[in-house]
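Structure assessment
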Amino acid sequence: MCGIVGITGDPQAAANLIEGLRRLEYRGYDSAGIAVQQDGAIVTIKRKGKIQKLADAVDLDRMQSSCGIAHTRWATHGEPNQINSHPHVDGKVVLVHNGIIENFQVLKHALEEKGHTFISETDTEVLVHLVNDQYNGNLEEAVRRALKLVEGTYGIAVMHADEPDKIVGARRGSPLVVGVGDGFNVLASDVAAILAHTKQVIYLDDWDMAVITPEGVQTVDIDAQEVDKEIQEITWDLDQIQKGGYPHFMLKEIFEQPDTILDGFRGRVMPEAGDVKLGGLQLTDWELVNIRRIIILACGTSYHAGLVGEYLIEEYAGIPVEVEYASEFRYRSPIIDPGTLCLVISQSGETIDTLEAMREAKRRGAKVVGITNVVGSTIARETECGMYIHAGPEIGVASTKAFTGQTTILTLLTILLGRRKTISAEAGMEIIEDLQKMPDKIRSVLDQSAAIKEIAKVYKDHHNCLYLGRGINFPIALEGALKLKEISYIHAEGYPAAEMKHGPIALIDPNMPVVVISTRDSSYEKIRGNVQEVKARKGKIISIVTEGDEEITALSDHVITIPRCRAMLTPLLSVIPLQLLAYHIAVLRGEDVDQPRNLAKAVTVE
Ligand code: G6P
């Protein structure tokens, strides 16, 4: 959620910490702060608002230092103001924290009895006091003792004024990665903040601690036992996490989709055999054939991809699928029979609800497979096997290319499972041939961006919007509505088109825009009926139709066409105009598209 970065052994520490924060801003952005070591003291600056406010406040000439930590916050305890911002200081200890200290009230009370006074409303301030309270000349010892008293989740970076050039990091539940440099070392909640310095990283696991100095990195567990960690190489480039000429990351990521879905299926399809190989899946044909039931666990946009997966796998592979919000799954008593496969879908691989749901599924004996984007993320590491979507870094908070990437992997999985059951080699070949045409087809939808912007101009000041779809396009209606509300703050609902008459139809009047996904498939006639119901009540109809369509086009106020494609691949196309519509509406309203209010890219608190 929040972003952490720390660096030691760097003569430009303050400038690079702020640069690191900019790369993490998508994790949270209601306030930011920096602390550096200077002549045996700690200098701290914090500001409410975006990183630029902090950057404006920092005089780099006066903040000369080679060691410091910094933080961008997404508020959990206490409103977003300067006092509640990190870093938090007590005496000579300074600390930044991502996560939630659940027993902070009890700890706070105990510390107050010992004479500590608190100025913020945060749980984090308790942690820094606790470390100071435990300090006896050795920072890592003090951190270790403090963390043993803590319940909850944390990724932290801590410094002490008397221990120059040293940063202590620790992780439980919130990601932390060490970047290994030459004469310097870095610590961050995300590789995005490390990439500019080094591509050599160590991913910390829960209960790990790292002590970094310019000379080296020491990794130990919370009981002070040395842990051997592998140094891994990041494959993403700095270019990939920059805007590349687009005004916003979101637009760049929308336009990357022809390439990212290609990267998702390239090397995994076998056109001549009409089959698919998913190296990361590590299941034998025997195990694949014996999957009796699939449970998909995810949150947000990944959940919508999961719903598409449900339609695909049930229809084309004949395996029953349930899709559950990870947050609900983890707190009930889910039944996991032998033969249940759990698919865990997460772009970041760090969403805490999804991670905990996955752990619960494992505890209950399920075979767990991950579909993630971020290599080395916690979910990727904790699943026995899985597939990366290879979409490259997704920075825009509203997920776009990750959705089509996840949908691509679910399509591949469907072919793989279906080929072992009902899909013939010939049918497999045809599907793969069509899949290979999808990047070009997506390009032709992207070409309509300017026309979609014109539609956006008409509806940008509306307060509500309804999205309708049927069958495999119902999850696309949900996703379209989510995109609009996330970045435009327009109230939007996605509904199965036929359900409209059980409630939402009451809302339809000449001021209600209704986006209908009405592509040519088996439900076309039915959805035409639903469009007529909207028309009869003078609602405004924006329809997504297959090229050549006449009937629904004649009923619509605005039409966006998508190329013909087989029904199972439609979601890869039909979602694109909805992403663009939400994007253009938000930009026209003057909203900060990449960093919408109250949201964060990786939600590492429950
Ligand atoms: C946040 C993001 C969404 C994302 C969801 C799940 O809410 O803002 O865009 O879909 O988390 O994230 P994940 O990384 O698990 O896919």
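Small disclaimer: the values here were computed from a predicted structure and weren't measured.

1. Notes on the packing of aromatic side chains
- Tallied over the full model, the rule gives two aromatic pairs.
- Here the aromatic rings of Y303 and Y325 are separated by 3.7 Å at their centres, their planes lie at 15 degrees, and the arrangement is stacked. Here the residue Y303 occupies a position in helix α9 (residues 300-317), and Y325 occupies one in strand β18 (residues 321-325), the gap between them amounting to 22 residues.
- Its guanidinium or amino end placed over the ring of Y524, R520 lies 3.8 Å from that ring's centre, counting from NZ or CZ.
- Above the face of the Y489 ring, R597 is positioned so that its terminal group lies 3.8 Å from the ring centre.

2. A word on the site of the ligand
- Within the structure, the ligand sits among 14 residues, and S302, S346, Q347, S348 and T351 are positioned closest to it.
- Within the complex, the protein chains bury 91% of what would otherwise be the 390 Å² of accessible surface of the ligand.
- Residue contributions to the shell around the ligand peak at three residues, all from α9.
- In terms of residue class, the shell around the ligand is built from four nonpolar, eight polar and two charged.

3. Here's the deal with the pattern of salt bridges
- According to the stated counting rule, one finds 41 salt bridges in the structure shown.
- With a closest N to O distance of 2.6 Å, K114 and D133 form a salt bridge. Of this pair, K114 sits in the loop between α3 (104-113) and α4 (124-134) while D133 is found in helix α4, placing the two residues 19 residues apart along the sequence.
- Of the charged contacts in the structure, one is a salt bridge between D206 and R359, with a shortest N-O distance of 3.1 Å. Taken as a pair, D206 in the loop between β11 (200-203) and β12 (208-212) and R359 in helix α11 (residues 352-363) lie far apart in primary sequence, 153 residues in all.
- You can call R359 buried: its relative accessible area is 15%.

4. Digging into the sheet that holds strand β5 (residues 88-90)
- Sheet architecture is open: six strands sit in the order β5-β6-β7-β8-β12-β13, paired in antiparallel fashion. The sheet terminates laterally at β5 and β13 (217-221), the two strands that pair on one side only. The average angle at which neighbouring strand axes cross in this sheet is 20 degrees, direction not considered.
- Sheet analysis places β12 next to β13, joined by five bridges and oriented antiparallel. For V211, the partnering residue across the bridge sits in β13 and is Q218.
- Against the sheet, α4 engages β5, β6 (93-98) and β7 (154-160), with an angle of about 140 degrees to β6.

5. Looking at the nonpolar core
- Core analysis: the largest hydrophobic core is formed by 88 residues, its most contacted members being L281, I294, I313, L343, L417 and Y467.
- Of all the elements, helix α19 (residues 570-588) adds the most residues to this core, at 11 residues.
- Aside from chain neighbours lying at most four places away, what touches I313 is I294, G318, I319, V321, L343, L413, T414 and L417.
- The next biggest cluster of nonpolar side chains, apart from the first, holds 35 residues, and it includes I45, I51, F184 and W236.

6. Some details on the side chain of Q579
- Its location among the elements puts Q579 in helix α19.
- Given a relative accessible area of 0%, Q579 falls into the buried group.
- Non-local contacts of Q579, meaning those with residues more than four positions away in its chain, are made with M250, I254, Q257 and T400.

7. Remarks on the environment of K53
- Residue placement: K53 occurs in helix α2 (residues 51-57).
- Distance from K53 to I231, taken between C-alpha atoms, is 35 Å for residues 178 residues apart in sequence.
- Leaving out residues up to four positions away in the same chain, K53 has contacts with R47 and K48.

8. Topic: helix α17 (residues 524-536)
- Between its terminal C-alpha atoms α17 stretches 18 Å, which fits the 18 Å expected from 13 residues at 1.5 Å a residue.
- The set of residues buried in α17 consists of Y524, I527, N530, V531 and V534. The arc that holds the buried residues of α17, viewed along the axis, is 120 degrees, so those residues lie on one side. Exposed positions of α17 whose direction lies more than 90 degrees from the buried face are K526 and A536.
- Looking at the buried side of α17, the elements it contacts are β22 (464-469), β24 (513-518), β25 (540-546) and α18 (551-555).
- Just past α17, the residue K538 takes up positive phi, approximately 65 degrees.

9. So, the environment of K460
- Looking at the element boundaries, K460 is found in the loop between α15 (449-459) and β22.
- Relative accessible area serves as the criterion here: at 23%, K460 is assigned to the partly exposed category.
- Taking the C-alpha atoms as reference points, K460 and A582, separated by 122 residues in sequence, lie 9.3 Å from one another.
- When sequence neighbours within four positions are dropped, the list of residues in contact with K460 reads I490, I585, L588 and R589.

10. A few points about the packing of helix α7 (residues 257-265) against helix α14 (residues 425-446)
- Between α7 and α14, the shortest axis-to-axis distance is 8 Å and the interhelical angle comes to 165 degrees. As far as their axial angle goes, α14 and α7 are roughly antiparallel. Handedness of the α7/α14 crossing: right-handed. Taking contact as the criterion, the partners of Q257, P258, D259, I261, L262 and F265 in α7 are, on α14, L435, Q436, M438, P439, I442, R443 and L446.
- Classifying every residue of the contact of α7 with α14 by side-chain character gives nine nonpolar, two polar and two charged.

11. Some points on the state of the cysteines
- Taken as a whole and assessed by the stated rule, the structure comprises zero disulfides.
- Take C299: it sits in no disulfide, and the sulfur closest to it among the cysteines is that of C342, at 13 Å.

12. Focus on unusual backbone geometry
- Geometrically, the link from H86 to P87 is a cis peptide bond, its omega value of 0 degrees lying close to zero.
- Counting through the fold element by element, P87 comes out in the loop between β4 (67-73) and β5.
- Even without a glycine there, the phi angle at Q282 is positive, about 50 degrees.
- You can see Q282 is positioned in the loop between β16 (275-276) and α8 (285-289).
- Even without glycine at this site, N598 takes up a positive phi of about 65 degrees.
- Judged by its relative accessible area of 62%, N598 is exposed.

13. Let's talk about the pairing of strand β21 (residues 385-388)
- The alternating pattern of β21 places C385 and M387 on a buried face, while none of G386 and Y388, on the opposite face, is buried.
- As paired elements, strand β20 (residues 367-372) and β21 share four bridges and run parallel to each other. Residue pairing across strands places I371 opposite M387, the latter belonging to β21.

Basis of the calculations
- Residues numbered from 1 in each chain as written.
- Predicted model: local features only at pLDDT ≥ 70, side-chain atom pairs only at ≥ 80, totals over all residues.
- Heavy atoms only, no water.
- Phe/Tyr/Trp six-rings, centres within 6.5 Å; stacked < 30°, edge-to-face > 60°.
- Helix = DSSP H or I, 4+ residues; strand = E, 2+ residues; numbered from the N terminus.
- Lys NZ or Arg CZ within 6 Å of the ring centre and 35° of its normal.
- Near = heavy atom within 4 Å.
- Areas by Shrake-Rupley, 256 points an atom, 1.4 Å probe, with all protein chains shown as cover.
- Nonpolar A, V, L, I, M, F, W, Y, C, P; charged D, E, K, R; others polar.
- Salt bridge = Lys/Arg side-chain N within 4 Å of Asp/Glu carboxyl O.
- Buried < 20%, exposed > 50% of the residue type's maximum accessible area, 1.4 Å probe, protein only.
- Pairing = 2+ DSSP bridges.
- Axes fitted to C-alpha atoms, helices over the stretch in contact; angles between N-to-C directions.
- Contact = heavy atoms within 4.5 Å.
- Core = buried A, V, L, I, M, F, W, Y, C linked by side-chain atoms within 4.5 Å.
- Expected span 1.5 Å × (residues − 1).
- Arc of directions from axis to C-beta.
- Parallel < 35°, antiparallel > 145°, perpendicular 65-115°, else oblique.
- Left-handed = near helix turned anticlockwise from the far one by under 90°.
- Disulfide = S-S within 2.5 Å.

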